[in-house]
Amino acid sequence: MARKLILDVDTGTDDAVAIMLAALHPDLELVGVTTVNGNVEVQYCTDNSLRTLDFIGRGDIPVFEGLNRPLTRPDFPIPRAIKKSTGVHGLELPLPAPTSVKQSKAAVEFLIETYRAATEEIVLVPTGPLSNIAAAIALYPKFVDLVPEVVLMGGAHHHGNVTPSAEFNIWADPDASASVFAAGFRKLVCVPLDATHEALVSLADTAAMEALGTPAGIAASRFISRRIHAYDANQPMAERGAAPVHDALCIAYLVDPSVITTDFRHVAVETMGPLTMGRTVVDTNFRGENPPNCHFAFHADRGKFNAMMLETFARTA
Ligand code: RIB
Ligand code: CA
């Protein structure tokens, strides 16, 4: 039976690849997409999610718009000029404008209602700032008990991308992130930069995707090529001509958990340090008093990840 999931996204090129992988993989059933302010303002995240789903023939998957700002940060949405990753995403993804429209229900309402009514397990996969998830917890604390597993992209131990210390999704709404990590979810899997920077996708991989000739292959090739050129220019990886596609790694994990290697540790989010705000503090050596709460991925299998994407993007809806 296909595994059900909800994706909470700030689409964004890598969110779009995650959406396509979730919408087309035969082992998964994408129940809905919720959007949140992040890579771009939330209305663009919604539009980008809709146009991605339309392009691959999955306009039947409902999209719900979420929070247009963080719970607490006063300085966000940040001006695009100071957001270093703008070149990685652009404002609108390079696909035709959507024909389907967002749902009238708000994302947080959809999340709470869906989990209250669920008779089967639905994995929650946030790949943007955690504002919607923290709002759902604040409005309905039992939400935490109803979600069987959270698999989120965010955080970093050995890297930072938005600051020397912090990863973007966690940093963009640090108080929301702190509340999600402290909430007590039954199973919390974190896919941070440590893992995603090992699962690079190269220009040779994007050429193979494009050669599939399918809508998903063509779209993935466009999105990821854009990422590679932006990374080469502004944030070069160990290998030039290759870039991480962070969010899609969460989806790959749902299909094949061996695509990442995790350590079960306590993770908390720094919300105040001027140099470290938004940092995921991982108790790697059990120095703190708190028990582990998070399966934190330190490594990823690049070959398995790329093979799964290529196989899935060969499909049409
Ligand atoms: O730091 C990478 C993350 O920030 C990804 O989810 C990307 O889409 C942005 O949201
Ligand atoms: Ca994202």
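Up top is the structure.
Basis of the calculations
- Chains are numbered independently. Their residues run from 1 in the order of the written sequence.
- Just so you know, chain letters begin at A and ligand numbers begin at 1, following the order they were written in.
- Whole-chain, interface and lining totals are the exception, using all residues; otherwise, since this is a predicted model, local features are given only for residues with pLDDT of at least 70 and side-chain atom pairs are given and counted only at 80 or more.
- Excluded from the side-chain calculation are hydrogens and water; included are all heavy atoms of the structure.
- Note: metal donors comprise N, O and S atoms at 2.8 Å or less from the metal (3.2 Å for Na, K and Ca); water molecules are not included, so apparent gaps in a site are possible.
- A helix here means a DSSP run of H or I that spans at least four residues, while a strand means a run of E at least two residues long, and both kinds are numbered starting from the N terminus.
- Remark: exposure states derive from per-residue accessible area (1.4 Å probe, protein chains only) relative to the maximum for the residue type, with buried under 20%, exposed over 50%, and partly exposed in between.
- One heavy atom within 4 Å of a molecule or strand is enough for the residue carrying it to be called near that molecule or strand.
- Think of a polar contact as two N or O atoms within 3.5 Å of one another; within protein, one of them needs to be a possible hydrogen donor and the other a possible acceptor, and neighboring residues in sequence only count if both atoms come from side chains.
- Areas reported as accessible are Shrake-Rupley estimates using a 1.4 Å probe. Residue values count occlusion only from the protein chains shown.
- Amino acid classes used here: Ala, Val, Leu, Ile, Met, Phe, Trp, Tyr, Cys and Pro are nonpolar; Asp, Glu, Lys and Arg are charged; the rest, including Gly, are polar.
- By convention a nonpolar core is built from buried Ala, Val, Leu, Ile, Met, Phe, Trp, Tyr and Cys residues, the set being connected through side-chain atoms within 4.5 Å.
- The criterion used for residue contact is that any of the two residues' heavy atoms lie within 4.5 Å.
- Only the stretch in contact is used when a helix axis is fitted, and all axes are lines through C-alpha atoms; the angle between N-to-C directions ranges over 0 to 180 degrees.
- Here is the rule for angles: anything less than 35 degrees is roughly parallel, anything more than 145 is roughly antiparallel, 65 through 115 is roughly perpendicular, and the remaining ranges are oblique.
- Asp and Glu are treated as the negative residues and Lys and Arg as the positive ones, with His and the ends of the chain left uncounted.
- Take a side-chain nitrogen of Lys or Arg and a carboxyl oxygen of Asp or Glu: if they are within 4 Å of each other, that pair is a salt bridge.

A. Structural view of the coordination of the calcium ion (ligand 2). Distances from the calcium ion (ligand 2) to its protein donors, Asp10 (OD), Asp15 (OD), Asp15 (OD), Thr127 (O) and Asp247 (OD), fall at 2.2 to 2.6 Å. Positions of the donor residues of the calcium ion (ligand 2) along the chain correspond to the pattern D-x4-D-x111-T-x119-D. Linking Asp10 in the loop between strand 1 (3–9) and helix 1 (13–24) with Asp247 in helix 12 (residues 246–255), this pair joins segments that are 237 residues apart in sequence. We note that Asp10, like Asp247, is buried.

B. Summary view of the site of ligand 1. Among the 13 residues in the neighbourhood of ligand 1, the closest are listed as Asp14, Asn161, Glu167, Asn169 and Asp247. At a separation of 2.4 Å, an oxygen atom of ligand 1 approaches a polar side-chain atom of Glu167. For ligand 1, an oxygen atom lies 2.5 Å from a polar atom in the side chain of Asp247. Considered on its own, ligand 1 offers 270 Å² of accessible surface; in the complex 96% of this is hidden by protein. Mapped by element, the contributors of at least two residues to the shell around ligand 1 are helix 1, helix 7 (168–172) and helix 12. In terms of residue class, the shell around ligand 1 is made up of two nonpolar, six polar and five charged.

C. Up close: the nonpolar core. In this structure, Leu5, Phe305 and Phe313 are the most contacted members of the largest nonpolar core, which totals 63 residues. Examining the composition of this core, we find that nine residues originate from one element, helix 1, more than from any other. Ignoring anything within four residues of it in the chain, the contact list for Phe313 reads Val17, Met20, Leu21, Leu24, Met209, Leu212, Thr214, Ala216, Gly217 and Ala220. One finds Leu111, Tyr115, Leu130 and Val144 within the second-largest nonpolar core, a separate group that totals 35 residues.

D. Region of interest: the packing of helix 1 against helix 12. Running from amino to carboxyl end, helix 1 crosses helix 12 at an angle of 20°, the nearest separation of the two axes being 6 Å. Between helix 1 and helix 12, the crossing angle belongs to the class labelled roughly parallel. On helix 12, the residues touching Asp14, Asp15, Val17, Ala18, Leu21 and Ala22 of helix 1 are His246, Asp247, Ala248, Ile251 and Ala252. Looking at the contact of helix 1 with helix 12 residue by residue, the class counts come to seven nonpolar, one polar and three charged.

E. Fine view of the side chain of Asp15. Checked against the element boundaries, Asp15 lands in helix 1. Among buried charged residues, Asp15 stands out as having no salt bridge; its nearest opposite-charge side chain is Arg227, 6.6 Å away. Setting aside residues up to four positions removed in sequence, Asp15 forms contacts with Val9, Asp10, Asn39, Thr127 and Asp247.

F. Representation of helix 4 (residues 107–117) within the structure. Of the positions making up helix 4, those classed as buried are Ala107, Val108, Phe110, Leu111, Ile112, Thr114 and Tyr115. Contacts from the buried residues of helix 4 go to strand 1, strand 2 (28–35), strand 3 (63–65), strand 4 (122–126), helix 5 (131–139) and helix 6 (143–146).

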